[in-house]
Amino acid sequence: MRALCEEAVAAALAGGASYADARAVVRRSQLVATKNRRVDQVDDVESEGIGVRVLVDGAWGFACDRRLDETGARDAAERATSFAKAAPGIHARALAPVEPVQGEYRTPRDQDPVDVPLTDKIALCLSAEEAIENKAVKVTTAFVRAMRERKVLVSSDGTAVDQDLVECGGGIEATAADAELSQIRSYPSQHEGSSAGAGWEYVLGLGLEREAPRIGEQAAALLSAPVCPAATTTVVLDADQMALQVHESTGHPTELDRVYGTEAAYAGTSFLHAGDLGSLRYGSELMNITADPTTPGGLGTFGYDDEGVPAARTAVVEAGVLRGFLTSRETAAKLGDGGGGSMRADGWSRMPLVRMTNLHLEAGEGTLDDLLADVDDGIYLETNKSWSIDDKRLNFQFGTQVAWEIKQGKRGRMLRDATYTGVTPVFWGSLDAVGGPETWVLYGLTNCGKGQPGQHAHVSHGAAPARFRNVQVGVASS
Amino acid sequence: MTSAIELAERAVAAADGDGVEAVVQAEHSGFARFAGSEVHQPTLIENVSVFVRVVRGNRVGAAAANRIDDEGLRDLALRAGEAAEAAPEDPDLPALAGASALPDVEGYDEETAGLSPADQARLAADAIGGAGDTPVYGFFTSGTATVAVVTSAGFAAEQTSTDAVALALAATDGASGYAEQTSWAVGDVDPAAVARQAFELAKRTANADELEPGTYRAVLGPYAVGELLQYFAFDAFSGLALLEERSYLAGKLGERRFDEKVSIADDALDPQGLPKQFDFEGVPKQRVPLVENGVLRGAVWDSTSAVRAGGSRQSTGHAPPPAFRRWGPLPFALSLAGGEAESIDELVELVGDGIYITRLHYLGIVEPRQGILTGMTRDGTFRIRDGKLAEPLVNLRFTVAVPDVLADVPGLTHETTLANEAAFYDERFAYGALVPALATARFDVTGNGGAPGI
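Being a predicted model, the structure only gives us computed values, none of them experimental.

Trainee: Where do I start with the nonpolar core in this structure?
Mentor: In a soluble, globular protein the nonpolar side chains are often hidden away together inside. Within the largest apolar cluster, 319 residues are counted, with the highest numbers of intra-cluster contacts made by Ala8(A), Val52(A), Val52(B) and Ala198(B). Excluding its chain neighbours within four sequence positions, the residues that come into contact with Ala198(B) are Ala131(B), Val136(B), Ala168(B), Leu169(B), Ala170(B), Gly177(B), Tyr178(B) and Ala179(B).

Right, here's the structure in full:
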């Protein structure tokens, strides 16, 4: 694969490129899903190819080809070069300088998740589903996934890296319904469960079967729970919902390509400006956000990003102040700060974009009960159900699968159809407690969309339960 | 290269089972994406993928690959067979599609298929130049997508479709407008005109005001109607969602729930849309009435959900691409019938006092059974006063029950527009919703967001 990448880079340079990189990727992914104790899907997908990115007279070009041979490599390079030459207008895109690297990286694993027999995967799903058992539950689902990816990157700057990555995950879901309502509960996270950059031991450690009875009971109980009333009140969000809150309201707004407007037509831009770095108050002093592609088990954990920049932990928000953006070599050069490190592509057929890696809310102190104890009257919300945020990542509305009243520091009645809404810096400014390290959980999600043509990114977020004051909580509909 | 149908036949021949189905998807596409009037994510894609389902007894397994030499197909067949062996028996396994007569459809255009990367870059340049000095953000893309389905039960067909989309956001600090055009023939797509339309809209959005949350009468432009309808339809009009009681239609079929002016169908045969001959299981496409004159009529089905429904239920030809198969049947060719209004201005006059919405952003399904969605408006939201478009508004948060929006519809435009609904993830599969602009007596605004613009 390295020789093919070198061939592609050479062909691009010969065609007039001032810079070129080539990524050869071989990916195998498996999905086993069961529904109502039947196999819903057993898929085993392989995809391979090469993607070549070039700069010609300051303009980008990208082309890809499924053929992992010399012809495919050269054709992709030539097409990328010609597409860059055809770009209208005058371009002056530049890349922040980085030290060329030669290296390898391998995801630590005890058991390769792809090698686990499909029969074992099916059996795990069926046993977890069976444990949901509840008369009011109409639909039960369980799924596990596994992926292995070999990725080689060669650039004309002299970088050549070879990475062997694995990830896997799973989840269960129970949907209860009666004549009027449908209510859902899932574990360990929302619709796509949770995944990690780890071996099969991660899936076994999720305890899907152990948690199944609880989600079945809660889904059934939600059918008779009252609707969460509208109020401005104190909310405590569980670690899972906090992971999504971090993703949507700090992850995407700090992607520097969005700040510069390149996602304006689709995913949107950001309320942040490049000049806000180091001065903008994002939230309260308890807000500490870190980007860390070295986190063990993260879906955004790698040795090198898709520009060959070595993984490094960086501060994004420190004590509530914006300290860093997620960058590429191009956006870092434009900012005049840093050298990238957050460029990731979805497989071989897409151009790398600025993406989250692993973005964490750093832990504070105390248990979930400690957070609840300091609330006379409020709402505790758990597990995301719906999410929406505006194009500048300011106005958001999130719904959770379940909520409970908090009365005099204790959990009270269960509530359904809870939503909360806010404006990003105001909301984070109202943060007054974050749970301690013992409550901090690493979640991995696989459905982060961005780019045109669209790309899915797999990213992780570590988060702890957190408490916010004066939050607008509402019902599902007026 | 061999044709897609020949490749699918080779894949079927390579597999060992009581039944075998092969789906080939081939893509040849170019994407000239631009931002701030500069191309920044130019992407040329060449790919062929093969998906194989193997049935052994009552067991089924599937695998996919894009290595299409003999060795690659043998390995693919082996993995699909192993998946089938690993699966427990399914007594309700549907039969594979047999030979059937297919509808004649349009949807392929030589000129579109022949566009070179230089042509795609030129058409992007037309959009970039269409908004004068105002920066534009968007893309021009075109491609050919071939789908071939072959089954051991006798179905064998291949369709090559073309599509072209121009999308433009003209935006400055505090002002933005949006427009798009989608067709299977590039001759129907004028990128410069799209950008001009976005620019003309953007000019009217500066100095936007906030709006007191509440329930308003509203006019939704076709892009907003298309997105709202598509999100509602994922659950509401899916046969699987109906079986699982998460569809709004559950328990309400045959009831008049919407305004009698509302008629919705899924119609992949309509030449104004992006026509398809058959679905990803090899079942012929057909027009499926979903709502007729406000009465809830039905949903779309694939073979698996149809078997589970029992009785005489048959697939309506709505098995999705293999990547989406787990979600069950999906309506990818929605159409909302037009009304009698000659123009959007006429709808604005009908509404009298309310709001106008060009486009929606980041919809979320809050509660599928009640059809409750939330999202934001963007790139052209206005107050309607005295039957005319008045001052621009900031981006608005809305949380609406779609059935409420459709329950009282003062009017719809006669003209319909094909709104692009594809974000081009995974293998290329262009789809859109053919919709008019719509006036509603009820649209719930629940908050204010930022100003329009970049």
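That was the structure; now back to the text.
Trainee: Got a minute to help me understand the interface of chain A and chain B in this structure?
Mentor: One frequent convention defines the size of an interface as the accessible area lost when the parts assemble. Counting from both sides, the interface comprises 74 residues of chain A and, opposite them, 76 residues of chain B. Among the elements that line the side of chain A that touches chain B, the one with the most residues is strand S2 (residues 38-56) of chain A, at 12 residues. Counted by class, the side of chain A that touches chain B contains 30 nonpolar, 29 polar and 15 charged residues.

Trainee: Hey, could you run me through the pairing of strand S16 (residues 377-389) of chain A in this one?
Mentor: Residues and elements named next belong to chain A. Most of S16 is tucked away: 12 of the 13 residues are buried. The pairing of strand S9 (residues 231-237) with S16 spans 4 bridges and is parallel. From the neighbouring strand, Val 236 faces S16, where its bridge partner is Tyr 380.

Trainee: How should I be thinking about helix H5 (residues 191-202) of chain B in this particular structure?
Mentor: Because an α-helix completes one turn every 3.6 residues, residues spaced three or four positions apart along the sequence face the same direction. Residues and elements named next belong to chain B. Between the first and last C-alpha of H5 there are 16 Å, a value that for 12 residues agrees with the 16 Å anticipated at 1.5 Å per step. Within H5, 9 of the 12 residues are buried, which leaves the element mostly enclosed by the surrounding structure. Taken together, the buried positions of H5 are occupied by Pro 191, Val 194, Ala 195, Arg 196, Gln 197, Ala 198, Phe 199, Leu 201 and Ala 202.

Trainee: Is there a simple way to think about helix H9 (residues 344-351) of chain B in this case?
Mentor: Residues and elements named next belong to chain B. Every buried residue belonging to H9 is among Ile 344, Leu 347, Val 348 and Val 351, and all of these are buried. Projected down its long axis, H9 shows its buried positions confined to an angular sector of 100 degrees, all on one face. Where H9 is buried, its residues meet strand S8 (214-220), strand S13 (354-367), strand S14 (372-385), strand S15 (388-392), strand S17 (411-412) and strand S20 (438-448). Positive backbone phi, at 75 degrees, marks Gly 352, one or two positions downstream of H9.

Trainee: Can you help me understand the domain arrangement of chain A in this one?
Mentor: Residues and elements named next belong to chain A. Structurally, chain A comprises domain 1 (2-222) and domain 2 (231-474). Inter-centroid distance (C-alpha atoms) of domain 1 to domain 2 is 21 Å. Contacts between the two partners involve 44 residues from domain 1 and, on the opposite side, 38 residues from domain 2. For the side of domain 1 that touches domain 2, the element with the most residues is S2, which contributes 6 residues. Partitioning the side of domain 1 that touches domain 2 into residue classes produces 20 nonpolar, 16 polar and 8 charged.

Trainee: Help me out: how do you make sense of the domain arrangement of chain B in this one?
Mentor: Residues and elements named next belong to chain B. When the domains of chain B are assigned, the result is domain 1 (4-189) and domain 2 (214-448). With centres defined by C-alpha atoms, the gap from domain 1 to domain 2 works out at 24 Å. Between domain 1 and domain 2, the contact holds 35 residues from the first and 30 residues from the second. Contributions of two or more residues to the side of domain 1 that touches domain 2 are made by strand S1 (19-35), strand S3 (43-56), strand S5 (136-151), strand S6 (156-172) and strand S7 (175-183). The element that contributes the greatest number of residues to the side of domain 1 that touches domain 2 is S6, accounting for 7 residues. Of the residues in the side of domain 1 that touches domain 2, the class split is 17 nonpolar, 13 polar and 5 charged.

Trainee: I tried to follow the environment of Val203(A) on my own but got confused; where do I start?
Mentor: Residue and element names in this part refer to chain A. Residue position: Val 203 is located in helix H4 (residues 201-206). In sequence terms Val 203 and Cys 168 are 35 residues apart; their C-alpha atoms lie 6.9 Å from each other. Ignoring any residue separated from it by four or fewer positions in sequence, one finds Val 203 in contact with Val 144, Cys 168, Gly 169 and Gly 170.

Trainee: Would you take a moment to explain the pairing of S9(A) for this structure?
Mentor: Consecutive side chains of a regular strand alternate in pointing toward one face of the sheet and then the other. Residues and elements named next belong to chain A. For S9, the buried fraction is high: 5 of the 7 residues fall into the buried class. The sheet contact formed by S9 and strand S23 (residues 466-474) spans 6 bridges and is antiparallel. Each residue of the ladder has a partner; that of Leu 237, found in S23, is Ala 466.

Trainee: Any chance you could explain the sheet that holds strand S15 (residues 359-361) of chain A here in plain terms?
Mentor: Adjacent strands of a sheet form backbone hydrogen bonds with each other and so pair up, either parallel or antiparallel. Residues and elements named next belong to chain A. In space, the 4 strands of this open sheet follow the order S12-S11-S10-S15, with antiparallel pairing throughout. Bordering the open sheet on either side are strand S12 (321-322) and S15, each of which pairs with just one other strand. As paired strands, strand S11 (residues 314-318) and S12 are joined by 2 bridges and run antiparallel to one another. Following the sheet pairing, Val 317 is matched in S12 by Leu 322. Of the strands in this sheet, strand S10 (289-291), S11 and S15 are in contact with helix H6 (residues 239-251), which crosses S15 at around 115 degrees.

What counts as what
Residues numbered from 1 in each chain as written. Chains lettered and ligands numbered in written order. Predicted model: local features only at pLDDT ≥ 70, side-chain atom pairs only at ≥ 80, totals over all residues. Core = buried A, V, L, I, M, F, W, Y, C linked by C-beta atoms within 7 Å. Buried ≥ 20, exposed ≤ 12 C-beta atoms within 10 Å, placed from the backbone. Contact = placed C-beta atoms within 7 Å. Helix = DSSP H or I, 4+ residues; strand = E, 2+ residues; numbered from the N terminus. Nonpolar A, V, L, I, M, F, W, Y, C, P; charged D, E, K, R; others polar. Pairing = 2+ DSSP bridges. Expected span 1.5 Å × (residues − 1). Arc of directions from axis to C-beta. Domains from an automatic or database assignment. Axes fitted to C-alpha atoms, helices over the stretch in contact; angles between N-to-C directions.

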